[in-house]
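# Commentary on secondary and tertiary structure
Spelled out, the chains give:
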Amino acid sequence: MSVTENNVSEAMREGVGEPAGSGGTVVPATSRAERFTSHDVEAFEVPGGREENWRFTPMKRLRGLHDGSATASGSATVEADAAPELKIEQVGRDDERLGVAGVPSDRIAAQAYSSFTEATVITVPKETKASKPSTVKITGPGEGQVAYGHLQVRAEQFSEAVIVLDHAGSGTYADNVEFVIGDSANVTVVSVQDWADDAVHVSEQHLKLGRDATLKHIVITLGGDLVRVSPTATFADKGGDVEMLGLYFADEGQHQEHRLFVDHAVPNCKSRVMYKGALQGDGAHTVWVGDVLIRAAAEATDTYELNRNLVLTPGARADSIPNLEIETGEIEGAGHASATGRFDDEQLFYLQSRGIGEDAARRLVVRGFFHEILVKIGVPEVRERLEAAIEAELEAVGV
């Protein structure tokens, strides 16, 4: 097992190396504090795959999303089964609320922002507690089609809600998703990527927390040919608390990539990141990159990030890179942990020694591996669906 565990008290950068499947030198990463953002597509160079932000991504499988050749030929459909307290609107590009949670940080996100024609805005009114979880289903444009989208969740001050974004269907889809969490609001969001086998989905998600706001942000990735989700969390004022959780399961030939950035720029905020993934089948590839930046003004920050990967069969590959950058010594705590490995032989032996067959023992190990994430999902329907999906994945390879 390859393990990296660190509790750090000084600036740390890592993750420069060779791009997957290509030779040459990778463009070194700079400080995340200097990250370039823009709504202008042409402000970004066309990535070639050697840049730090793209070195793990199979560029040819992006179907032209990165170089401007993927023009919109269809549209995604958005359907909502929402709590009656929530307000759902379809708005034009000129709506002044759009874009307040963050600015695109790569060319595909900028292309998506420049290309959508209509956005969905979901508002949880001030001092309102939603009476039930709300589900928003986003269905791709269809096989061979390309679409761009934009969705914003707005939780006004002192509101509470649980919202599930359920992605399904076929085609090529790129979008920006915004979460604007008002002062003292408490929101749980579950973003499920359960695409058909042909689908390509590239999403930049912008999380902006107000004073004393709490956000639980959960990413579930199961389907699709290539899925790349990039959540960025920022704090507008003191007291923000974000928990970023993720669960992913990659099959033969699938590429699943999660790139997180937590930007601590104000004092007295907290972040916790925990992602777990499993891989099986030849060519299954997962990438997790977790960047945390604690700026000089962000005193009393408390942060920790963790990633675990379980490789179930030969031929699968997991890349895991935690990055922590600290510009002040006045913090509550900061650290990260990353591990990738196969089944724990001691766990299997323990279970088999108590009369449990090998196949059943392996399934128990995998279920136990994901349990820590599953119990944190506050929507029983989603949790049961994920448990069934994991079981189906294990049955597919006889685990």
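Residues numbered from 1 in each chain as written. Predicted model: local features only at pLDDT ≥ 70, side-chain atom pairs only at ≥ 80, totals over all residues. Heavy atoms only, no water.

If you check an unreviewed UniProt entry, the protein appears there as Fe-S cluster assembly protein SufD from Amycolatopsis coloradensis. Comment text from UniProt for the protein, heading Sequence similarities (unreviewed entry), reads "Belongs to the iron-sulfur cluster assembly SufBD family." (UniProt positions renumbered as here; feature names shortened; annotations may be inferred.)

Next up on the list: helix H1 (residues 107-115). The element H1 is largely enclosed, with a buried count of seven among its nine residues. Taken together, the buried positions of H1 are Arg 107, Ile 108, Ala 109, Ala 110, Gln 111, Ala 112 and Tyr 113. The backbone nitrogen of Ile 108 lies 3.0 Å from a side-chain oxygen of the residue at the head of H1, namely Asp 106. (Buried < 20%, exposed > 50% of the residue type's maximum accessible area, 1.4 Å probe, protein only. Helix = DSSP H or I, 4+ residues; strand = E, 2+ residues; numbered from the N terminus. Polar contact = N/O pair within 3.5 Å; in protein donor to acceptor, adjacent residues only side chain to side chain.)

Let's shift gears to empty space enclosed by the protein. Counted by the stated rule, this structure contains one cavity of 30 Å³ or more. The calculated volume of the largest cavity comes to roughly 40 Å³. Residue lining of the largest cavity: Asp 106, Ile 108, Ala 109, Asp 175, Val 202, Ser 203, Glu 204 and Ser 230, and that is the complete set. If you list the elements that add at least two residues to the lining of the largest cavity, you get H1 and strand S10 (200-209). Top element by residues in the lining of the largest cavity is S10. It accounts for three residues. Residue composition of the lining of the largest cavity, by class: three nonpolar, two polar and three charged. (1 Å grid on protein atoms, 1.4 Å probe; cavity = no way out; pocket = protein on both sides within 12 Å on 5 of 7 lines; lining within 4 Å. Points joined across faces, edges and corners; volume = space filled by probe spheres on them. Nonpolar A, V, L, I, M, F, W, Y, C, P; charged D, E, K, R; others polar.)

Another aspect to go through is the side chain of Ser 38. Structurally, Ser 38 is set in the loop between strand S1 (2-7) and strand S2 (77-81). A relative accessible area of 14% means that Ser 38 is categorised as buried. Residues in contact with Ser 38, not counting those within four places in the same chain, are Ala 43, Phe 44, Val 103, Pro 104 and Ala 110. (Contact = heavy atoms within 4.5 Å.)

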